[in-house]
Amino acid sequence: MNSRTDIFYKELDKFIFKYHFIKFLQNLTIGFSIFILISLLVVLFNFFTYPSISTKCIIFTFYILISTSLFIEFVLLKILPLFSKKKRINYKQAATLIIKLDPGFDDRLLSIIELSQREEKNPLVNASINQKIKQLKYLDFRNIITLKQVSNSFRYLIITIIFLLVIAFVNTDILRTGTKKFVNYNKYFQPPAPFEFVILNKSLEAKQDTDFVIRLRLKGKEIPNNVFISLNGHQFLMSRDNKHQDLFFYTIKNPQQPIEFYFSAAGFRSKTYKLKIKYIPRLSSSKFLVIPPKYTKLKAQEFSNITNLIVPEGSMIRITLKTQNTKQIIFSIDTAVTDTIKAKEKNIYSLVIPKDLNLNIGLSSPEGLTNNISIKVKTIPDKVPVIKIIQTTDTNNLNIKYFNLYI
């Protein structure tokens, strides 16, 4: 290529870059306008309605998908040609576009490109190319496209922003509350009710196996007759206080696991509460291996889950305990604490039994609850055999004697 042809292609490259830059601005403003409009519609929907959590999750998912698609289509794909020549239009497409935008350029642009792209060139072809370049009106093609071509897309953006500002001016709470409800898609927002649900329990912690009474007060001008409590998806009618018509209560029998619940009345519902359970420490199994003194020649015996035990005096007892919901185990004999151990999966404790005693095993939970197990241990005294003879005389015949032998 000669210098005149080089200049021609440099100017054509500048036009192609500016063309893609203008297309990027157009798509950026259009994509941003669509994004703002969709966001406004979602915020308005959440402000004026009270959809369920599942509906909000679906809307939120589609919103993310649409926003991602807008970014890819209107931003990412349109900005790539600014950094990669492979993504740009070719010279023939650029020439066709220039002719379309400025009819003063005829097919000479295309013929210049076609001639210059021939594999075999000769002086005659080069002269023809130079002649056609000289006949062009101008070489600075960048002026053919201007920012005015982005004005239409800017109008859409300005209209959308004005719409946003009008809403903010009329009621700022629309944008603030609607956005809050939308962002917290996993939380239910109840519509404003003519009354308020006020739970009276100071703590929502129940002791395992102990009935828990939920107390509720309705505050407002209009108090409904029936209030329901939903426990883990099941609805129950709450009892109403006879003296105070705004008080309601419900008893949860023997709770074993944490329970989520909420109240509903007259088409309105409260927020969701959670009843926590304080678990009682328990013995899941207990084994007592009794090892008598060696001189008795008695075999060791094992007992399970007992509360009374009879052993030879001086026996050693090896206790193996398995616990549930237990942090600490306290061993005591009668009223004296003998040892305290940290609860593990398997707990072993040994002691010698010198006499009758009460063995107490105290269990303590992480929440501070306690459970006591008492075991009465009786001993068989280890004494030397004694032979006792008692003599008695027959009252009818004094010469007759009787002897009673006691061992």
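Computed from a predicted structure; not experimentally measured. (Residues numbered from 1 in each chain as written. Predicted model: local features only at pLDDT ≥ 70, side-chain atom pairs only at ≥ 80, totals over all residues. Heavy atoms only, no water.)

> What's the story with the overall build of the chain in this structure? I'm lost.
Summing up its helical and strand segments, the chain has seven helices and 21 strands in all. In the structure as shown, the chain presents an accessible area of about 26,100 Å², 57% of it carried by carbon and sulfur atoms. (Helix = DSSP H or I, 4+ residues; strand = E, 2+ residues; numbered from the N terminus. Areas by Shrake-Rupley, 256 points an atom, 1.4 Å probe, with all protein chains shown as cover.)

> It is not clear to me how the sheet that holds strand 17 (residues 347-352) should be interpreted in this structure. Could you clarify?
Picture the strands of a sheet paired through backbone hydrogen bonds; they go either parallel or antiparallel. Sheet architecture is open: four strands sit in the order 12-11-14-17, paired in antiparallel fashion. Of all strands in the sheet, those bounded by a partner on one side alone are strand 12 (301-304) and strand 17. Taking each pair of neighbouring strands and ignoring which way they run, the sheet shows an average axis angle of 20 degrees. Across four bridges, the pairing between strand 11 (residues 282-291) and strand 12 is antiparallel. For Val290, the partnering residue across the bridge sits in strand 12 and is Gln301. (Pairing = 2+ DSSP bridges. Axes fitted to C-alpha atoms, helices over the stretch in contact; angles between N-to-C directions.)

> I keep staring at helix 2 (residues 53-79) and nothing clicks. Help me out?
Counting along an α-helix, one turn takes 3.6 residues, and residues three or four places apart therefore face a common direction. In this model, helix 2 (27 residues) spans 37 Å end to end at C-alpha, consistent with the 39 Å of a helix rising 1.5 Å per residue. Along helix 2, the sharpest kink reaches roughly 35 degrees, centred on Ile72. (Expected span 1.5 Å × (residues − 1). Bend = angle between axes of the 7 residues up to and from the residue.)

> Sorry, what's going on with the environment of Ser54 here?
Mapped onto the elements, Ser54 comes out in helix 2. Sequence separation between Ser54 and Lys187 is 133 residues; the distance between their C-alpha atoms is 9.7 Å.

> When you look at the packing of helix 6 (residues 151-170) against helix 7 (residues 172-183) in this model, what are you seeing that I'm missing?
When two helices pack together, their arrangement is given by the angle between the helix axes and by the axis-to-axis distance. Axis separation between helix 6 and helix 7 bottoms out at 4 Å; the angle between their running directions is 100 degrees. The angle between helix 6 and helix 7 falls in the class roughly perpendicular. Contacts from Leu164, Ile167, Ala168 and Val170 of helix 6 reach helix 7 at Thr172, Ile174 and Leu175. Classifying every residue of the contact of helix 6 with helix 7 by side-chain character gives six nonpolar, one polar and no charged. (Parallel < 35°, antiparallel > 145°, perpendicular 65-115°, else oblique. Contact = heavy atoms within 4.5 Å. Nonpolar A, V, L, I, M, F, W, Y, C, P; charged D, E, K, R; others polar.)

> Can you help me understand a nonpolar patch on the surface in this one?
A surface patch of nonpolar side chains, about 640 Å² in accessible area, is lined by Phe154, Ile158, Ile162, Val166, Phe169 and Val170. Structurally, Phe169 is set in helix 6. For Phe169, a relative accessible area of 75% gives the class exposed. (Patch = residues over 30% accessible without salt bridge, like charges linked within 9 Å, V, L, I, M, F, W, Y side chains within 5 Å. Salt bridge = Lys/Arg side-chain N within 4 Å of Asp/Glu carboxyl O. Buried < 20%, exposed > 50% of the residue type's maximum accessible area, 1.4 Å probe, protein only.)

> What is the right way to look at the nonpolar core in this model?
Here is a general trend for soluble globular proteins: nonpolar side chains tend to be buried in one another's company. Grouped together as the largest cluster of nonpolar side chains are 24 residues, with contacts concentrated most on Ile214, Val227, Ile229, Met238, Phe261, Phe263 and Leu275. At the level of secondary structure, the elements contributing two or more residues to this core comprise strand 1 (195-199), strand 3 (212-220), strand 4 (228-231), strand 7 (247-252), strand 8 (259-265) and strand 10 (273-278). Setting aside residues no more than four positions away along its own chain, Phe263 makes contact with Phe197, Ile199, Ile214, Leu216, Val227, Phe228, Ile229, Met238, Phe268, Arg269, Ser270 and Tyr273. (Core = buried A, V, L, I, M, F, W, Y, C linked by side-chain atoms within 4.5 Å.)

> When you look at the pattern of salt bridges in this model, what are you seeing that I'm missing?
Side chains that differ in charge, positive against negative, can pair when their charged atoms come close. One pass over the full model with this rule turns up six salt bridges. Lys14 serves as the salt-bridge partner of Glu11, at 3.6 Å between the closest nitrogen and oxygen. Placement of the pair is Glu11 and Lys14 together in helix 1 (residues 3-48), with a separation of three residues, close to one helical turn.

> Just checking my understanding: could you explain the packing of aromatic side chains for this structure?
Any pair of aromatic rings gets described here by the distance separating the centres and the angle formed by the planes. The tally for this structure, following the rule as stated, stands at 14 aromatic pairs. Their ring planes at 15 degrees and their centres at 6.4 Å tell us that Phe197 and Phe263 sit as a pair that is stacked. Pair noted here: Phe197 is in strand 1 and Phe263 is in strand 8, with a separation of 66 residues, a long-range link. An identical accessibility class is assigned to Phe197 and Phe263; each is buried. Centroid distance Phe236 to Tyr250: 5.7 Å. Interplanar angle 25 degrees. Geometry classified as stacked. Residue Phe236 is located in strand 5 (residues 234-237), and its partner Tyr250 is located in strand 7; the two are separated by 14 residues in the primary sequence. Take Phe236: its relative accessible area is 34%, and that puts it in the partly exposed class. Three or more aromatic residues joined by ring pairs make a cluster, and in this case those are Phe32, Phe35, Phe60, Tyr63, Phe182 and Tyr185. Lys181 extends its terminal NZ or CZ atom over the ring of Tyr50, reaching a point 3.8 Å from the ring centre. For the cation-ring pair, Arg269 lies above Tyr262, with the distance from its terminal atom to the ring centre recorded as 3.8 Å. (Phe/Tyr/Trp six-rings, centres within 6.5 Å; stacked < 30°, edge-to-face > 60°. Lys NZ or Arg CZ within 6 Å of the ring centre and 35° of its normal.)

> Which parts of the structure should I look at to understand the pairing of strand 15 (residues 328-333)?
Working note: regular strand, side chains alternate between the two faces of the sheet. Here six bridges tie strand 15 to strand 16 (residues 336-342), and the two strands are oriented antiparallel to one another. In the strand pairing of strand 16, Ser332 is matched with Val337. The hairpin turn running from strand 15 into strand 16, its antiparallel successor, is two residues long, and Asp334 in that turn takes a positive phi close to 60 degrees. Taken together, the six bridges between strand 15 and strand 18 (residues 357-364) define a ladder with antiparallel strand orientation. Note on strand 18: the bridge partner recorded for Phe331 is Ile361.

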